[in-house]
Amino acid sequence: MSIGDARTRILDPVEELFAGSGYEATPTAVIARLAQVPKGLIFHYFPRKIDVLVALVDERTLVEEGREVDAVPGDPAGTLARLARGLPLRASPAMRRILFREADTHGSVKERLGRLNGELIRRARFALELALPGARGDAARLEVAAATFAAVLLYQENLCQLTGHQIDPDAVAELIAHALG
């Protein structure tokens, strides 16, 4: 078993366990059993249990770099909708639950959530600036619109759990475009 395979074999069940029960309620013995590895192997890769959480969050909640924004001037709704569909956000619904659950008690998780949210806001604001070239002087409105859109993208699973309804990013894009109109 290669190093990457062993780490993945450990992190995959950890993601589901931490999302379901939380970090504190998940013993390393359960992780080892579900990962089908000796408990000592977990501590070989992750010297402390908190290192498992930090690695999981760092490795599985990235917004990948290098993607261009597909913006059409005069079409903020379409631009935001394309951004949502094309956003290379690597964070499963389980990882998003972990971020929100553990942010209050673990500083590194809170910091990652803040960076992730900031990157989504930055990309949404940039997309809106491209789609609404005359609105650059209205930075405060664009910032609020971008933050609202980023919140929907990042918090959609939490909103669905609370309301029982999926939030359609395209509908939110239309609503934001109309408000900026």
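This one's a predicted model, so the numbers in the text were calculated from it and none came from an experiment. (Residues numbered from 1 in each chain as written. Predicted model: local features only at pLDDT ≥ 70, side-chain atom pairs only at ≥ 80, totals over all residues. Heavy atoms only, no water.)

Participant: Describe the overall build of the protein, with residues and values.
Facilitator: Helix and strand counts for the protein come out as nine helices and two strands. In the protein, the order of α-helices and β-strands from amino to carboxyl end is α-α-α-α-β-α-β-α-α-α-α. Principal axes of the C-alpha set define a box for the protein whose edges measure 60 × 35 × 25 Å. Taking all 181 residues of the protein together, 44% fall into the buried category. The contacts in the protein between residues at least 6 apart in sequence include a share of 70% that link residues at least 24 apart. Charged side chains in the protein number 22 positive and 24 negative. The centres of these two groups are separated by 4 Å. (Helix = DSSP H or I, 4+ residues; strand = E, 2+ residues; numbered from the N terminus. Buried < 20%, exposed > 50% of the residue type's maximum accessible area, 1.4 Å probe, protein only. Contact = heavy atoms within 4.5 Å. Lys, Arg positive; Asp, Glu negative; His and termini not counted. Charge placed at Lys NZ, Arg CZ, Asp CG, Glu CD.)

Participant: An account of the confidence of the model for the protein is needed here, citing residue identities and associated values.
Facilitator: Model confidence for the protein is summarised by a mean pLDDT of 87, while 91% of its residues fall at 70 or above. Model confidence for the protein, summarised as mean pLDDT per element, is weakest for strand E2 (residues 89-90) at 61 and strongest for helix H2 (residues 28-35) at 95. (pLDDT = per-residue confidence, 0-100.)

Participant: Can you lay out the packing of aromatic side chains for me, pointing to particular residues and giving the numbers?
Facilitator: Both the distance between ring centres and the angle between the ring planes are used here to describe each pair of aromatic rings. Across all of its chains, the model carries three aromatic pairs by this definition. Seen in terms of ring centroids, Phe 18 and Tyr 23 are 5.4 Å apart; in terms of plane orientation they differ by 80 degrees. Their pairing is edge-to-face. For the residue pair Phe 18 and Tyr 23, the accessibility class agrees, reading buried in each case. One residue, Lys 49, lies across the ring of Tyr 23, its end atom 4.5 Å from the ring centre. (Phe/Tyr/Trp six-rings, centres within 6.5 Å; stacked < 30°, edge-to-face > 60°. Lys NZ or Arg CZ within 6 Å of the ring centre and 35° of its normal.)

Participant: Describe in detail helix H6 (residues 93-102), supporting the description with residues and values.
Facilitator: The element H6 is largely enclosed, with a buried count of seven among its ten residues. All buried positions along H6 are accounted for by Ala 94, Met 95, Arg 96, Ile 98, Leu 99, Phe 100 and Glu 102.

Participant: Describe the environment of Asp 138, listing the residues and the values that go with them.
Facilitator: Note on placement: Asp 138 falls in the loop between helix H7 (107-131) and helix H8 (139-163). Sequence spacing of Asp 138 and Leu 99 is 39 residues, and the spatial spacing of their C-alpha atoms is 32 Å. A polar side-chain atom of Asp 138 sits 3.2 Å from a polar atom in the side chain of Arg 141. (Polar contact = N/O pair within 3.5 Å; in protein donor to acceptor, adjacent residues only side chain to side chain.)

Participant: Requested: an account of the environment of Arg 122, with residues and values cited.
Facilitator: Turning to its location among the elements, Arg 122 is positioned in helix H7. For Arg 122 and Ala 146, which are 24 residues apart along the polypeptide, the C-alpha to C-alpha distance reads 7.4 Å. Engagement of the side chain of Arg 122 in a polar contact is seen with the side chain of Glu 119, the distance being 2.7 Å.

Participant: Could you give an account of the pattern of salt bridges, naming the residues involved and the relevant values?
Facilitator: Within the structure shown, the criterion is met by 13 salt bridges. Among the ionic pairs, Asp 58 bridges to Arg 112, the shortest N-O distance being 3.7 Å. Remark: Arg 112 occurs in helix H7 and Asp 58 occurs in helix H4 (residues 49-60); sequence separation between them is 54 residues. Asp 58 sits in the partly exposed class, given a relative accessible area of 34%. With a shortest N-O distance of 2.7 Å, Arg 122 and Glu 119 are connected by a salt bridge. With Arg 122 and Glu 119 both in helix H7 and three residues apart, the pair spans about one turn of that helix. The class of Arg 122 is partly exposed, set by a relative accessible area of 37%. (Salt bridge = Lys/Arg side-chain N within 4 Å of Asp/Glu carboxyl O.)

Participant: Explain the nonpolar core residue by residue, including any values.
Facilitator: Of all hydrophobic cores here, the largest spans 50 residues; its most connected members are Ile 10, Phe 18, Ile 42, Leu 80, Ile 98 and Phe 149. Only helix H1 (3-20), H2, H4, helix H5 (76-86), H6, H7, H8 and helix H9 (169-180) provide two or more residues apiece to this core. Apart from residues no more than four positions distant in its own chain, Leu 80 is found in contact with Ala 124, Leu 128, Phe 149, Ala 173 and Ile 176. (Core = buried A, V, L, I, M, F, W, Y, C linked by side-chain atoms within 4.5 Å.)

Participant: So what's going on with the environment of Ile 42? Which residues, and what values?
Facilitator: Within the secondary structure layout, Ile 42 lies in helix H3 (residues 39-45). On a C-alpha basis, the gap between Ile 42 and Arg 9 in space is 10.0 Å, while along the polypeptide they are 33 residues apart. Not counting residues up to four positions away in its chain, the partners in contact with Ile 42 are Ile 10, Thr 28, Ile 31, Ala 32, Val 37 and Val 52.

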